[in-house]
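# Inside the fold
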Amino acid sequence: MLRNSLSSPKAHSNGTQTQEEPPRHNTGSSGKMAPSNHSSASGAASSPSTPAATMWRLRLFTLLALCLSDGTYTVLRRYSQGVLREAYSFNEVLLAAEFLKLAFAVFMIQKTAAKDAEKKPLPQLLMGLVVRSQKMFVLAVLYGAGNILSFVALRRIGAGTFVIIAQMKTLTTAICSSLMLRRKYSLTKWRALILLVTGVILFVLPTINYKQRTVPQAGIQSSMMDTVIGCSLEFVVVMISGFCSIYFEKVIKGGAEQLGIWERNFQLACWSIPSYLIMIFMNGGGVEGYFKGWTPLAFLLALFGCSGGLLVALSIMYGDSVLKTLAISGSIIYAAVVDHHFLGGPLTLEMIMAAIVVIIAIFNYTFDKTPAPSDAPSGKLSNPATSTKDIESPS
């Protein structure tokens, strides 16, 4: 399923800028890639005087926080609905997370507006953001379409096939980054990404019950045509996920509107809330009905869902979408280890070897110093502040 990131779906780019030059988001008078000064989060990233060491620490902190948050979120969800069998609707948890993100974004916007010389009334400021939220509307529609297509695909293919195809999101994100942002990746980085996807697939497959992989699940048609349709739909979901990640990165780092990260979070939440409401009413709520069966753990999951979405946005702001996917891939290993020690989940020798492969791939990608095939063309979107070289420890 696509997770609304602002969810889902993971990635970070390669650059050729030297360590001595401070990272900058502003590329000049053209205005491209210059994030808004309205956001306190983007302010640190957009300042030309921000030292490389500070940018490296911010990027590393957000990526590690995202890895831990996403992994903990996965374990808590499994414990809540897989062990305790709590009966609330998970779509309602996602809706609550969106309301929390909306409230936090409004708080940050108000805090930033208080320092603005114009000091527009908050209602007027928020209404203006809603009116100018067409780009986030497109993103919300794509996320909703991805969730629906994933649901349809799961009724036609097994869980193992679904997981294998879903891991292609890392590669589609990198491909979209190359096409939409004109980023260049070395052969070493492409090899690392392919190795990462392979490792994650090998790691996840043992966690899927053997019966689920060999016996058609209830409600799943086993005909060849349904299998082809299901796989095709999930491939479409994977491409939508990669496109959404890069689309969001392009929106928050560039464009003439110059809106900050909290303004974009507010806009996306405004459009995501109606989509989750539609999904809740389509599914008829939880087992016990609409907005019933909630527990303290369900509220905790909503909080983690909110923090995860905000961390995804920050990781893209201080890094890029490919590095984000690397962090989320690492969270899969973290979640499985915690699940094994506390909930009795599987952790086989095969999974340990696959985890080592994933870790090696992450290091190969992150610390690769191989020059990219060519620099980005002049005037194209190419942001030195998101260079993967900057994640290395500054000298």
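Residues numbered from 1 in each chain as written. Predicted model: local features only at pLDDT ≥ 70, side-chain atom pairs only at ≥ 80, totals over all residues. Heavy atoms only, no water.

## Some remarks on the pattern of salt bridges
Under the criterion given, the structure shown has six salt bridges. Note that Asp339 and Arg78 form a salt bridge whose closest N and O atoms lie 2.4 Å from each other. Of the two residues, Asp339 is situated in helix H13 (residues 321-343) and Arg78 in helix H2 (residues 52-83); the sequence distance between them amounts to 261 residues. The class for Arg78 is partly exposed, based on a relative accessible area of 33%. (Salt bridge = Lys/Arg side-chain N within 4 Å of Asp/Glu carboxyl O. Helix = DSSP H or I, 4+ residues; strand = E, 2+ residues; numbered from the N terminus. Buried < 20%, exposed > 50% of the residue type's maximum accessible area, 1.4 Å probe, protein only.)

## Quick look at the packing of aromatic side chains
Tallying each qualifying case throughout the model produces eleven aromatic pairs. Centre to centre, the rings of Tyr185 and Tyr365 are 6.5 Å apart; their planes meet at 40 degrees, and the pair counts as tilted. Here Tyr185, found in the loop between helix H7 (169-180) and helix H8 (187-204), pairs with Tyr365, found in helix H14 (residues 349-366); they are 180 residues apart in sequence, far enough to count as distant. You can call Tyr185 buried: its relative accessible area is 4%. Geometrically, the ring pair formed by Phe243 and Tyr247 is stacked, given 5.7 Å between the ring centres and 25 degrees between the ring planes. Residue Phe243 and its partner Tyr247 are located together in helix H10 (residues 224-253), separated by four residues, close to a single helical turn. In this structure Phe243 comes out as partly exposed when scored by relative accessible area, which is 31%. You can call Tyr247 buried: its relative accessible area is 15%. (Phe/Tyr/Trp six-rings, centres within 6.5 Å; stacked < 30°, edge-to-face > 60°.)

## Section: the packing of helix H11 (residues 261-283) against helix H12 (residues 296-318)
Relative to each other, H11 and H12 sit at 140 degrees, their axes nearing to 11 Å. Between H11 and H12, the angle is such that the two are oblique. You can see that H11 and H12 cross each other, and the crossing is right-handed. Where H11 abuts H12, its residues Ile261, Trp262 and Asn265 lie against Leu310, Ala313, Leu314 and Met317. Taken together, the residues that form the contact of H11 with H12 break down as six nonpolar, one polar and no charged. (Axes fitted to C-alpha atoms, helices over the stretch in contact; angles between N-to-C directions. Parallel < 35°, antiparallel > 145°, perpendicular 65-115°, else oblique. Left-handed = near helix turned anticlockwise from the far one by under 90°. Contact = heavy atoms within 4.5 Å. Nonpolar A, V, L, I, M, F, W, Y, C, P; charged D, E, K, R; others polar.)

## Examining the nonpolar core
Leu139, Phe203, Phe266, Leu326 and Tyr365 are the most contacted members of the largest nonpolar core, which has 85 residues in total. Those residues in contact with Phe203 that sit more than four places away from it in its chain are Ile332, Ile333, Ala336, Met351, Ala354 and Ala355. Formed by five residues, the second largest nonpolar core is a distinct cluster that contains Ile157, Phe162, Ile165 and Val238. (Core = buried A, V, L, I, M, F, W, Y, C linked by side-chain atoms within 4.5 Å.)

## Comments concerning the confidence of the model for the chain
A low pLDDT score tells you not to read the predicted coordinates there in detail. Overall, the prediction assigns the chain a mean pLDDT of 78, with 77% of residues at 70 or greater. Low pLDDT (under 50) marks residues 213-221, which in the prediction has 16 contacts with non-local residues, meaning those over four places away or in another chain. Confidence drops under pLDDT 50 across residues 375-395; counting only partners more than four residues distant or on other chains, this segment forms 73 contacts. (pLDDT = per-residue confidence, 0-100.)

## A word on the side chain of Arg59
The residue Arg59 is located in helix H2 in this model. A distance of 2.5 Å separates the side chain of Arg59 from the backbone oxygen of Tyr318, its partner in a polar contact. (Polar contact = N/O pair within 3.5 Å; in protein donor to acceptor, adjacent residues only side chain to side chain.)

## Regarding H8
When the terminal C-alpha atoms of H8 are compared, their 26 Å separation across 18 residues agrees well with the 26 Å that a helix rising 1.5 Å per residue should span. Here H8 has its buried residues at Thr188, Lys189, Ala192, Leu193, Leu196, Val197, Gly199, Val200, Ile201, Phe203 and Val204. (Expected span 1.5 Å × (residues − 1).)

## A few points about unusual backbone geometry
For Arg182, which is not a glycine, the phi torsion comes out positive at approximately 60 degrees. In this fold, Arg182 is placed in the loop between H7 and H8. Arg182 gets classed as partly exposed once you look at its relative accessible area, which sits at 33%. Its identity is not glycine, yet Phe291 carries a phi of approximately 50 degrees, on the positive side.

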